[in-house]
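Coordinate analysis (summary)
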Amino acid sequence: MQSFQLYEHASTVPPKSYDRQKWQKGYQSLKQEFNYWIDDVEGEIPFNLQGTLFRNGPGLLDIKGQKYHHPFDGDGMICAFTFTNGKAHFQNRFVRTQGFVEEQKAGKILYRGVFGTQKPGGWLANAFDLKIKNIANTNVIYWGKKLLALWEAAEPYRLNPDNLATLGMEYFDRVLQKGDAFAAHPRIDPCCEWDNGKPRLVNFSIKPGLSSTITIYELDESGKIVQRHSHSVPGFAFIHDFAITPNYCIFFQNPVSFNPLPYILGWQGAGQSVKFNPKEKTRIIIIPRHSNTSISGIKILETQSGFVFHHANAFEQDNKIYIDSVCYESLPTVDPNADYHETDFDALSPGQLWRFAVNLNEETVQRKMLESRCCEFPSVHPAKVGRPYRYLYLGAAHAASGNAPLQAILKIDQVSGEGQFWSAASDGFVSEPVFVPATNAINEDDGWLMTLVYDSAHHKSDLVILDARNLHQEPVARLHLKHHVPYGLHGNFTPEVFAIKE
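Under the annotation held in an unreviewed UniProt entry, the chain carries the name Apocarotenoid-15,15'-oxygenase and is attributed to [Phormidium ambiguum] IAM M-71. Comment text from UniProt for the chain, heading Sequence similarities (unreviewed entry), reads "Belongs to the carotenoid oxygenase family."

What follows is the structure, encoded as structure tokens:
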């Protein structure tokens, strides 16, 4: 994943498709907040493309020259691309979290970061300070007429979808309590059979420890939490993402352990205290979504050791559960003395797409590789979430093997096994592709792919719109921004067109 650069990279073979110094420039802070109509467009914006693409990611990577140790510690910045009548509008705004406001006022780092950012003053200034800043920097979603900025270790922040102003924390009518987490990877069930076929948002939280608690939330179309249940699983759980089917929530418990002592004593961040254990198995945790069924309770099965950040999709078929996931051989440690700008891509193993077939009756797991090219940021048609599907879209490497920053978009046809490929190399570096269905679409791939591309040659970013049916052709449109946007994380599209206030 482009912003998991310490862990998740794409592949390359000599000669390299990228220049590391050019890639590094994409990690400069964007300190200005903009609001303008995009007037520099190559191609044509589809007239029937109506709605808003929201994206989130760390937009501030330093405070007055004091650099965060890792981009994951950067403050969340929301970008909104609004499409209406063949035109597009851009605005960006930082989430005014409590920590962001305090640090901007002080002009210095006041909080420790999960991935190694420390307050000035050495370990003595950081020892026994376990307060973590809610950075709201991982995802953003519009649901139940609320725009929510998400970070998996804390409550969501609610924003005004018209102008991205921060409204405050969201507790869903006090179902969440202060300090409760609400993960950054919600899934939308497009047709919940337990809610008369209406869509539902499904999300979770993790409370890790010697045993860990997984809490699952389901929200109806109005944004109300209508179901909540918690489950205890043995061991420490570091879980970033999950998958759903109509009947199950599926989690991969990566084989890691956590030593809190270096974190408590101020030597390093919490994320740096997580260690991968290659001799242990990965656990697949399968939890029924609903209690009023004949399905038995939670099941935990084991598969080969590995690490998963993101799942592409899951579905039930032939009395099995299939989970498609981007897998890594391991999770490298985040060195307290390392500089993420100097990442040695060749020394890191690539992420590859694997399919896991789970037979609950026989309690077996089989797996096979679907794509050997290093890839990340999987995306599917929103109507296919939790269902059998044909097309998958990913950020990918320019080259077919090895390791490098993500520079291309890959489309995989699960039926024919064929792939399509569009590359922004050598100067371009891509973000997560977001699939937007076309109005009155007939086929599953009728629609567009949107990806934000950092153009290192001009130190600016482009929103590239691809025809999802054919990635071999030139983009439908390239929307040239007036500035760059730092490498981001996740986002979502909504057909809602909000009032544009300049």
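**What to know about the overall build of the chain**
Scanning the chain from terminus to terminus reveals four helices and 35 strands. Across its three principal directions, the C-alpha atoms of the chain cover 60 × 55 × 50 Å. The distance from the centre of the 48 positive side-chain charges to the centre of the 54 negative ones in the chain is 5 Å.

**Details of unusual backbone geometry**
For residues other than glycine, phi is negative in most cases, and the peptide bonds are mostly trans. In the segment running from alanine 425 into serine 426, the intervening peptide bond is cis, with an omega of 10 degrees. Along the chain, serine 426 falls in the loop between β29 (419–423) and β30 (428–429). Here arginine 174, not a glycine, exhibits a phi torsion of approximately 70 degrees, which is positive. With respect to the helices and strands, arginine 174 occurs in the loop between β11 (166–169) and β12 (187–192). For aspartate 318, which is not glycine, the phi dihedral falls at a positive 55 degrees. Within the fold, aspartate 318 resides in the loop between β22 (307–317) and β23 (320–328). For aspartate 318, a relative accessible area of 60% translates into the label exposed.

**A look at the side chain of histidine 89**
Relative to the helices and strands, histidine 89 resides in strand β7 (residues 87–94). Look at histidine 89 and you get buried, because its relative accessible area is 0%. Within the structure, the side chain of histidine 89 is placed 2.7 Å from the side chain of asparagine 35, a separation counted as a polar contact.

**A word on the UniProt feature "binding site: Fe cation" (unreviewed entry) in the chain**
UniProt's feature table lists "binding site: Fe cation" (unreviewed entry) at His185, His240, His310 and His490, given in the numbering used throughout. These residues run over 306 residues, yet every pair of their C-alpha atoms falls within 12.6 Å of each other. Mapped onto the elements, histidine 185 comes out in the loop between β11 and β12. A relative accessible area of 8% places histidine 185 in the buried class.

**Some remarks on a nonpolar patch on the surface**
Where nonpolar side chains cluster on the molecular surface, the patch consists of Trp123, Leu124 and Trp267 and spans about 400 Å² of accessible area. Mapped onto the fold, leucine 124 is located in helix α3 (residues 122–126).

**Brief notes about the state of the cysteines**
Applying the stated criterion across every chain yields a total of zero disulfides. With no disulfide partner, cysteine 192 has as its closest neighbouring cysteine sulfur the one in cysteine 191, 8.0 Å distant. Left unpaired, cysteine 374 is separated from the closest cysteine sulfur, that of cysteine 375, by 6.3 Å.

**Structural notes on the sheet that holds strand β27 (residues 391–396)**
Spatially, β26-β27-β28-β29 is the arrangement adopted by the four strands of the open sheet, whose pairing is antiparallel. Of all the strands in the sheet, just β26 (375–379) and β29 have a single pairing partner and so form its edges. Pairwise comparison of adjacent strand axes, ignoring direction, gives a mean angle of 25 degrees for this sheet. Summarising the sheet, strand β28 (residues 408–413) and β29 pair through five bridges and their orientation is antiparallel. Residue pairing in the sheet places lysine 411 in a bridge with glutamine 420 of β29.

**Points about the confidence of the model for the chain**
When pLDDT is averaged along the chain, the result is 93, and 96% of the positions lie at 70 or above. Confidence drops under a pLDDT of 50 for residues 1–14, and excluding neighbours within four residues, the segment shows 90 contacts in the predicted structure.

**Remarks on helix α2 (residues 98–106)**
When α2 is considered as a whole, its buried residues turn out to be Gly99, Phe100 and Glu103. What you see down the axis of α2 is that its buried residues fit within an arc of 100 degrees, all on one side. Structurally, α2 contributes buried residues whose contacts are with β3 (51–60), β4 (62–63), β6 (75–84) and β7. In the stretch just after α2, glycine 107 is the one whose phi turns positive, near 75 degrees.

**Things to note about the nonpolar core**
In this structure, Ile214, Phe251, Val256, Phe307 and Leu331 are the most contacted members of the largest nonpolar core, which totals 39 residues. In terms of residues, this core owes the most to one element, β22, which gives four residues. The contact partners of phenylalanine 251, leaving out residues within four places of it in the chain, are Phe204, Ile214, Ile216, Ile239, Phe242, Arg283, Ile284, Ile285 and Ile287. Core analysis: the second largest hydrophobic core is formed by 29 residues, Leu53, Cys79, Met450 and Val485 among them.

**A word on the pattern of salt bridges**
Following the criterion strictly, the structure yields 21 salt bridges and no others. Across the salt bridge formed by aspartate 427 and lysine 22, the nearest N and O atoms sit 2.9 Å from each other. Residue aspartate 427 is found in the loop between β29 and β30, and its partner lysine 22 is found in helix α1 (residues 20–24); the two are separated by 405 residues along the sequence. The class of aspartate 427 is partly exposed, set by a relative accessible area of 23%. Among the ionic pairs, glutamate 218 bridges to arginine 289, the shortest N-O distance being 2.8 Å. Taken as a pair, glutamate 218 in strand β14 (residues 211–219) and arginine 289 in the loop between β20 (282–288) and β21 (299–303) lie far apart in primary sequence, 71 residues in all. With a relative accessible area of 0%, arginine 289 lands in the buried category. Here the residues in one salt-bridge network are Asp189, Asp195, Arg200, Glu218, Arg289 and Arg387, joined through shared partners.

**A few points about the side chain of glutamate 376**
Secondary-structure assignment places glutamate 376 in strand β26. Buried and unpaired, glutamate 376 has arginine 187 as its nearest opposite-charge partner, separated by 9.3 Å. At 2.8 Å, the side chain of glutamate 376 and the side chain of tyrosine 328 are in polar contact.

Thresholds applied
Residues numbered from 1 in each chain as written. Predicted model: local features only at pLDDT ≥ 70, side-chain atom pairs only at ≥ 80, totals over all residues. Heavy atoms only, no water. UniProt positions renumbered as here; feature names shortened; annotations may be inferred. Helix = DSSP H or I, 4+ residues; strand = E, 2+ residues; numbered from the N terminus. Lys, Arg positive; Asp, Glu negative; His and termini not counted. Charge placed at Lys NZ, Arg CZ, Asp CG, Glu CD. Buried < 20%, exposed > 50% of the residue type's maximum accessible area, 1.4 Å probe, protein only. Polar contact = N/O pair within 3.5 Å; in protein donor to acceptor, adjacent residues only side chain to side chain. Patch = residues over 30% accessible without salt bridge, like charges linked within 9 Å, V, L, I, M, F, W, Y side chains within 5 Å. Areas by Shrake-Rupley, 256 points an atom, 1.4 Å probe, with all protein chains shown as cover. Salt bridge = Lys/Arg side-chain N within 4 Å of Asp/Glu carboxyl O. Disulfide = S-S within 2.5 Å. Pairing = 2+ DSSP bridges. Axes fitted to C-alpha atoms, helices over the stretch in contact; angles between N-to-C directions. pLDDT = per-residue confidence, 0-100. Contact = heavy atoms within 4.5 Å. Arc of directions from axis to C-beta. Core = buried A, V, L, I, M, F, W, Y, C linked by side-chain atoms within 4.5 Å.

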